[in-house]
Amino acid sequence: MNVTDVKPSVLPGVRLGRMSFFWRPWVLCVTLLLAVATFLVFCLSIGVGDFPISLSRVIATILGRGEQVDQFVIMDLRMPRALAGLVVGIALGVSGALTQSIARNPLASPDVLGITSGASAVAVFLVTVSGGTAAAIVDSVGLSAAALAGGLGTGLLVYFLAWRRGIDGFRLILIGISVSAVMQAITTWLLVTADIRDVAKAQAWLVGSLEDRAWSEVWIALWCSLALLVVVSFVAFQFKPMHFGDEVAAGLGVRYAAVRAVLLLCAVLLAGVAVSAAGPVPFVALVAPQVAMRLARCPTPPLVASGLAGALLLIGSDLLARTALPVSLPVGVVTAAIGGPFLVYLLVRANLR
Amino acid sequence: MGQTAVVERPAPRGSSKARRRRVVGLGTLLALLVIATVLSLAVGARALSPTEVWHGLFAAPESDQRLTEIRLIVRTVRVPRTVLGIVAGIALGVGGALIQGYTRNPIADTGLLGVNSGASFAVVVAISVFGFGNPFQYVWFAFLGAGIAGVVVFGLASIGRGAGNPLTLALAGQGVTVFLAAMTTAVALSDQQALNALRFWNSGSLNGVGFDVIWPVSAFIAAGLVLALTTLPSLNLLNLGDDVARGLGVNIALSRTVGIASITLLAGAATAACGPIAFLGLMVAHVARYLTGPDYRWLVPYAGLLGAVVLLVCDIVGRLVVRPGELDAGVLVALLGAPFFAVLVWRGKFRKA
């Protein structure tokens, strides 16, 4: 990574069985703080609404000791949305951190790999071209499933197009940009030719939203991302030396081609899970790792902190969108409106120090 | 994009063979541009023969009904869009090459400085707040928005220590872009008229802009090109790394300021006139680098000419494929350019910026 504001220093190591890592107290502190903040905002988000519930009662209910009314309001009405925000935020944050690490480029995000643009193109196609009659058939679940298929298909297409005796980060990103450009052009063209009422509907989908999540959707997203995160956490230990370049990593005994392929696939699938649960929420995957990296003062995006930063951003934005704003806006608008300036603030602050 | 910019030695000055090859290439591109220009004048809803084009351009007004009609088509429709195609294509090509040079990031694009999102936001505001419906009115808003966004991004990136650090610039641009895009979406989602205008503006078209817009836009682009030319030698040295450049007597801050000002003028003016045309600058910059090598004194003129040729050709194809309708040039740049670009990427033709 091209980071100039991090001083290299020698750090003590910690060894646990076959795994070893640096002892970085600051990173641990930041990660823990992010986790606490995420949990608090998560509970706050559940408590706020037409039937306000205090923070202590929310926590009690989550721990299974709540009153029956709270139990109903929280578990049946508010939990799915909040949990969807948590899962999508973590998935996008980790996916972004992986993509930026693999490409060694801070501008890279899963958006660049074609998942969001492919999903968007399919969704906009279904909303606009199939028109009124088919729109009735394609209910909301069908739409997100189709969009997910489109996104994953595009992601795999990018991966296979970029494959040439292995995957090279630079080639992958350029191919990803090309394929994304085609998908975006198709989306643009569909929007230009469509009826304006369909356009508004497509546009609302394109922004990403957490509204009206059902438990069934949330469970799928939750289990899929948990499984993926387990894979990532095992493989990621092999990944650290890769920042020194392929040759050094190979010299240290890392099978970098395999590690990179697995992690890349996980990044694609995590982004796909997020798209299926909330639509193509923009920028979280790009902003969260950069924010986490700067808060934790790491040379590369830290995975856990990136996921937490993504979740915090998404849940916090959703909370703001529901409470503070005069008009109801999809969460994607608010994530961008908060995430963009916060990234800029961190950059300026780092430069002023 | 890694810690060390990949530096390649420009061919030695005395190498007359390399020089001749580059001059021949430049001549070929000029010839292609002339051919594209003639085709752009001749092809369309009504195809004209070269003699008819000639008459349309130069013949004095006559009583002949048919010739008067041809004169009208050529002078009021074909000539403006051809001139705009050339001017905007050069601007976006040169801008794309420069931004990749100044950020040392091979996936940087002219939209990165926020000019596209600034222009889009200004257009939406012009429609939604001021009630302007006519593209001629909001061209100036677009230009103002692009300019302000460019200045803000550069201002943010040059605060304090590490002023003009390429990474800071790229990320600040991304942060501002993210924010403005969110604001644009927020306005467009709450105002159907703005949404309607925005989708047409977003597709990027050469059609329907008159000389009353083209002349001022060209003046800004000309100023941008002059600035660009003055920075090319120092840009070459900057790509050897800041320390080396400083040691060789380059005023880094001045060079970066002039370069970014140039990119803002070029991309802002082109975007104001045609709407955001994504991918063009990025693509031609890579192709130009492949053709000339890393010497920016050759790379930038190549990128400019390539940009003009590609944009004109895409505009011409757009007039032919869905007759009697049209596909916008911005859409076709991605649909035609991206697969071609992806093949070149796959064959390993490109080096990092």
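In this text, all values refer to a predicted model and were calculated from it rather than measured experimentally.

A.B. asks: Account for the overall build of chain A, with residues named and values stated.
C.D. replies: When helices and strands are counted, chain A shows 14 helices and 2 strands. Counting the 353 residues in chain A, one finds 55% classified as buried. Across chain A, contacts joining residues at least 24 apart in sequence account for 74% of those joining residues at least 6 apart. When the accessible area of chain A is evaluated, it comes to approximately 15,200 Å², of which 69% is carbon and sulfur surface.

A.B. asks: Explain a nonpolar patch on the surface residue by residue, including any values.
C.D. replies: All names here are of chain A. Taken together, the side chains of Val 36, Phe 39, Leu 40, Leu 44 and Leu 55 present a nonpolar region at the surface, about 400 Å² in accessible area. Locating Leu 40 in the fold gives a position in helix H1 (residues 25-47). Owing to a relative accessible area of 39%, Leu 40 belongs among the partly exposed residues under this scheme.

A.B. asks: Lay out the environment of Ala 123 of chain A in plain terms, naming residues and giving numbers.
C.D. replies: When you line up the elements, Ala 123 of chain A lands in helix H4 (residues 115-128). A C-alpha to C-alpha distance of 9.1 Å links Ala 123 of chain A and Thr 187 of chain A, two positions 64 residues apart in sequence.

A.B. asks: So what's going on with helix H12 (residues 284-296) of chain A? Residues and values would help.
C.D. replies: Helix length check: H12 of chain A (13 residues) gives 17 Å between terminal C-alpha atoms against 18 Å at 1.5 Å per residue, within 8%. In terms of residue burial, H12 of chain A counts as a mostly covered element, since 12 of its 13 residues are buried. What H12 of chain A keeps buried is the set Val 284, Ala 285, Leu 286, Val 287, Ala 288, Pro 289, Gln 290, Val 291, Ala 292, Met 293, Arg 294 and Ala 296 of chain A. Those residues of H12 of chain A that are buried are in contact with H1, helix H3 (68-103), helix H13 (303-323) and helix H14 (331-352) of chain A together with helix H6 (166-190) of chain B.

A.B. asks: Describe the interface of chain B and chain A, with residues and values.
C.D. replies: On the chain A side, the residues contacting the 57 residues of chain B number 58 residues. Of the roughly 4,800 Å² buried between chain B and chain A on both sides combined, carbon and sulfur atoms contribute 74%. The tally of links between chain B and chain A comes to 0 salt bridges. Our count for the contact surface shared by chain B and chain A stands at 4 residue pairs in polar contact (both at pLDDT 80 or more). Those elements that place two or more of their residues in the side of chain B that touches chain A are helix H5 (135-157), H6, helix H7 (192-202), helix H11 (280-292) and helix H13 (329-346) of chain B. A breakdown of the residues in the side of chain B that touches chain A according to their chemical character gives 34 nonpolar, 16 polar and 7 charged.

About the criteria used
- Residues numbered from 1 in each chain as written.
- Chains lettered and ligands numbered in written order.
- Predicted model: local features only at pLDDT ≥ 70, side-chain atom pairs only at ≥ 80, totals over all residues.
- Heavy atoms only, no water.
- Helix = DSSP H or I, 4+ residues; strand = E, 2+ residues; numbered from the N terminus.
- Buried < 20%, exposed > 50% of the residue type's maximum accessible area, 1.4 Å probe, protein only.
- Contact = heavy atoms within 4.5 Å.
- Areas by Shrake-Rupley, 256 points an atom, 1.4 Å probe, with all protein chains shown as cover.
- Patch = residues over 30% accessible without salt bridge, like charges linked within 9 Å, V, L, I, M, F, W, Y side chains within 5 Å.
- Salt bridge = Lys/Arg side-chain N within 4 Å of Asp/Glu carboxyl O.
- Expected span 1.5 Å × (residues − 1).
- Buried area = accessible area lost by both parts, 1.4 Å probe.
- Polar contact = N/O pair within 3.5 Å; in protein donor to acceptor, adjacent residues only side chain to side chain.
- Nonpolar A, V, L, I, M, F, W, Y, C, P; charged D, E, K, R; others polar.

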